[in-house]
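# Reading the structure
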Amino acid sequence: MIEGLFQLLMCQLVGTLLSQALHLPIPGPVAGMLFLLAILTVRRPGVEAPVMRAGGRILQDLPLLFIPAGVGLVTCLGLLRHQWLPIGAAMLLGWAAGLLGTVFASRGGLARNASDPDEGQ
Amino acid sequence: MHQFTTTPLFGVTLTIGAYGVAHRLWLRGGRHPLLTPVLVAIALVVAVLHVAGVGYADYLTGGDLLSFLLGPATVALAVPLHRAGPSIGRMLRPVLMAVLVGSTAAMATTVVVVRLCGGTPQLEATLAPKSATTPIAIVLASSTGGVAALAAVVTVLTGVLGAVAGPGLLRAVGIHDPRVRGLALGVASHGIGTSRALEEDPLAGAFAALAMALSGISTSLLMPGVLALLG
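Residues numbered from 1 in each chain as written. Chains lettered and ligands numbered in written order. Predicted model: local features only at pLDDT ≥ 70, side-chain atom pairs only at ≥ 80, totals over all residues. Heavy atoms only, no water.

In the annotation of an unreviewed UniProt entry, the entry for chain A reads Putative effector of murein hydrolase LrgA (UPF0299 family), and the organism field reads Luteococcus japonicus. In its Subcellular location (unreviewed entry) section, the UniProt entry covering chain A states "Cell membrane". (UniProt positions renumbered as here; feature names shortened; annotations may be inferred.)

What follows is about the overall build of chain A. Helix and strand content of chain A: six helices and zero strands. Counting from the amino terminus, helix and strand elements in chain A follow one another as α-α-α-α-α-α. For 121 residues, the compact-globule estimate of 2.2 N^0.38 gives 14 Å, and chain A exceeds it by more than 25% at 20 Å. Counting only C-alpha atoms and orienting by the principal axes, one finds that chain A spans roughly 55 × 40 × 30 Å. A total of 121 residues make up chain A; the buried ones form 45% of that total. Here the analysis covers contacts within chain A between residues at least 6 apart in sequence; of these, 39% occur between residues at least 24 apart. Accessible area for chain A stands at about 6500 Å²; split by element, carbon and sulfur atoms hold 66% of it. (Helix = DSSP H or I, 4+ residues; strand = E, 2+ residues; numbered from the N terminus. Rg over C-alpha atoms; globule rule 2.2 N^0.38 Å. Buried < 20%, exposed > 50% of the residue type's maximum accessible area, 1.4 Å probe, protein only. Contact = heavy atoms within 4.5 Å. Areas by Shrake-Rupley, 256 points an atom, 1.4 Å probe, with all protein chains shown as cover.)

Residues and elements named next belong to chain A. The phi dihedral of His23 falls on the positive side, at around 50°, and the residue is not glycine. You can see His23 is positioned in the loop between α1 (2-21) and α2 (28-43). Unusually for a residue other than glycine, Arg44 sits at a positive phi of about 45°. Here Arg44 shows up in the loop between α2 and α3 (50-60). Of the residues examined, Arg44 reaches a relative accessible area of 62% and is grouped as exposed.

The next point concerns the pattern of salt bridges. Pairing between side chains becomes possible if they bear opposite charge and their charged atoms approach one another. Residue and element names in this part refer to chain A. Enumeration over the complete set of coordinates arrives at six salt bridges over all chains. We note a salt bridge from Arg57 to Asp61, for which the minimum N-O separation is 3.4 Å. With relative accessibility at 39%, the residue Arg57 sits in the partly exposed group. By relative accessible area, Asp61 is classed as partly exposed at 26%. (Salt bridge = Lys/Arg side-chain N within 4 Å of Asp/Glu carboxyl O.)

Let us look at the UniProt feature "transmembrane region" (unreviewed entry) in chain A. UniProt tags residues 20-42, 62-80 and 86-105 of chain A as "transmembrane region" (unreviewed entry). As annotated, residues 86-105 of chain A comprises 100% helix and 0% strand, and the C-alpha atoms at either end are separated by 27 Å.

Another aspect to go through is the nonpolar core. One broad rule of soluble globular proteins: the nonpolar side chains tend to lie buried together. In this structure, Leu36, Ile67 and Val71 of chain A together with Val45, Leu49, Tyr59 and Val95 of chain B are the most contacted members of the largest nonpolar core, which totals 90 residues. In terms of residue count, the dominant contributor to this core is helix α13 (residues 202-230) of chain B (14 residues). In contact with Leu36 of chain A, other than residues within four places in its own chain, are Leu8, Cys11 and Val51 of chain A together with Val75 and Ala78 of chain B. If you look at the next biggest cluster of nonpolar residues, it comprises 13 residues, including Cys76, Leu80 and Met91 of chain A together with Leu150 of chain B. (Core = buried A, V, L, I, M, F, W, Y, C linked by side-chain atoms within 4.5 Å.)

So this is what it looks like as structure tokens:
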């Protein structure tokens, strides 16, 4: 677990350094994810490798890590009270547009692949 | 009391405890969407802070320790992505297309709706990046004149919305393919949608993680353009 966590942190560190040095519009952790993906693709570790186990473990309770940001709600109560209509409506409709837009745009390419019997093994 | 609540121990214990309770409630309640653990846990923590008279800044002494782990957790999303690699690789082009359309639709609709409802340009910039992951949304909102704290909250709520209502809406429009379900949840509801997709199906989770990463990137690249076009 510790070794795997160390490897995750190292990837985040590398991602952050790359993102800053190259002025990428991608935050460090996301660059770190792409970096780890590249490593996994090249080295193909088994499911028992430390980074695979630590990664799987931390993702099991991912929602826990969003709670502190969500509790930040209490700092915005004034704004929320005055602007509840634009905030609420934009959240709901913007979210639905993103979801349905993705579904609509993936119709062509993905639907064709779905009927491919070799798919999903 | 104040000495106690300003130690990291308070915020960490409260958050993990609330999550544990919320998770149990969710299992007992037959995994009802309205009992989505992150939603219930946020409500529990807010209630405890209110009753105990503890400020958000004090709570964050511990809360920030957990938020810190969002970094390595985001990196860890490479693991399900790698496992699904073979089935994703052949579809990279349609996936890219879907993510571009989905994230642009989310941003443009948000900006237009804020304007129609009488919101300020500051509110438009705050809400526009809410489908990207929380760290990206905060950076984008503040760099375009939005309010960072509100951006964080609205982004988390957008994720919760995806976890609560996403599976139902997808079923209602007849989408059962785990890959499309994952993509849509990842694009529209970032990490929280992705953790919901992971619960549903590993393949859906992998596509959601990919969609989340790509939608974060496309939101970063396109948001200035979308704001300028609609501004």
